[in-house]
Amino acid sequence: MPGLLVRGVTLHYADEGRGEPVLLLHGLGNSGRDWEFQLPALLAAGYRVIRPDLLGFGRSGRPEEGFGPSEMAADMRTLLQSLGVTGAHLVGYSMGGAVAYQLAVEEPERWASLGIINSVPSFVPQRLHDHWQFLMRHVLSRVLGMQKMAEMLTQRLFPARPDLVERMLPRYADNDPTVYGHVLAALSGWDVRAQLSRICCPVLVMAAEQDYFRLQDVQESLALLPDGELQVVPDTRHGLPMEQPDIVSQALLRLFSRSSRAWSASA
């Protein structure tokens, strides 16, 4: 897995295949490995797939500061510049969706398409339930430890899939609780809803029917996008890319194919 020095630490990433680039951004507590569920389909369709471990997660180093979507977006620009990638399809899941939204509003002309999976353009708590979600994760990670939090989280994400619990639990457990807490704190103040009208590429927002992001919030943000489409996947939870990999892969390929034609024509 190649590495790039970013902000004084090593950012690890995978860069596989040839063709139009696709940048895949993972969720909180995850890593680029989690896109292995989509990797075969994307490579078979002829895309170049770039899967970073965002700083603080996976094999990447832990920075001393800068744990929010803005800093992570800047890291991704550094990575793409080092790889000579000037434009790409952009996909983000959960926290990675926040980073993807940040990249899309900062450089809207750079992206052929934007795929958002179980994420929203603002993580600022709006309701008591939202505050409880942030508090619960802080308490579980700091007081009970990452192992216990990982056990509870995977049971919640994959209640009927012991295979996914077994597979994903060690990955969530192998997180630095300090980094995890810093990222939660940064996310709780992040909001780009006022900038969504800047995004000019086609956007696909995928939402799990039983996600903990409210569908109403997803729909309200979708209305702010110039070219947005919503796909709700029935009987699924927050771990949608792992729970239903084929549905996610096929939806992304449809998005890429549609946007590639328009992108190529305008290039």
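Residues numbered from 1 in each chain as written. Predicted model: local features only at pLDDT ≥ 70, side-chain atom pairs only at ≥ 80, totals over all residues. Heavy atoms only, no water.

> Outline the packing of helix 5 (residues 146-157) against helix 6 (residues 162-173), listing residues and values.
Packing of helix 5 against helix 6 brings their axes to within 8 Å, and their N-to-C directions diverge by 145°. Crossing of helix 5 against helix 6: the hand is right-handed. Judged by residue contacts, Met 146, Gln 147, Ala 150, Glu 151, Leu 153, Thr 154, Gln 155 and Leu 157 of helix 5 engage Val 165, Met 168, Leu 169, Tyr 172 and Ala 173 from helix 6. Partitioned by chemical class, the residues of the contact of helix 5 with helix 6 number nine nonpolar, three polar and one charged. (Axes fitted to C-alpha atoms, helices over the stretch in contact; angles between N-to-C directions. Helix = DSSP H or I, 4+ residues; strand = E, 2+ residues; numbered from the N terminus. Left-handed = near helix turned anticlockwise from the far one by under 90°. Contact = heavy atoms within 4.5 Å. Nonpolar A, V, L, I, M, F, W, Y, C, P; charged D, E, K, R; others polar.)

> Just give me the short version of the pairing of strand 7 (residues 203-208), but keep the residues and values in it.
Summarising burial for strand 7: six of the six residues are buried, a large majority. Burial along strand 7 is two-sided: the residues Val 203, Val 205 and Ala 207 and Leu 204, Met 206 and Ala 208 are all buried. Here strand 6 (residues 111-117) pairs with strand 7 via four bridges, running parallel. Among the inter-strand pairings, Ile 117 is bridged to a residue of strand 7, identified as Met 206. Pairing geometry for strand 7 and strand 8 (residues 228-233), over six bridges, is parallel. (Buried < 20%, exposed > 50% of the residue type's maximum accessible area, 1.4 Å probe, protein only. Pairing = 2+ DSSP bridges.)

> Provide a residue-level description of the packing of aromatic side chains, including the pertinent values.
The way to describe two aromatic rings as a pair is by their centre distance and the angle between their planes. A full pass over the atoms with the stated rule returns four aromatic pairs. Consider the rings of Phe 123 and Phe 213, whose centres lie 5.3 Å apart with planes at 70°: the pair is edge-to-face. Highlighted residues: Phe 123 in the loop between strand 6 and helix 4 (128-144) and Phe 213 in the loop between strand 7 and helix 8 (215-222), separated in sequence by 90 residues. Just as Phe 123 is buried, Phe 213 falls in that class too. Ring centres 5.8 Å apart and planes at 55° place the aromatic pair Tyr 212 and Phe 213 in the tilted group. The burial state of Tyr 212 is the same as that of Phe 213; both residues are buried. (Phe/Tyr/Trp six-rings, centres within 6.5 Å; stacked < 30°, edge-to-face > 60°.)

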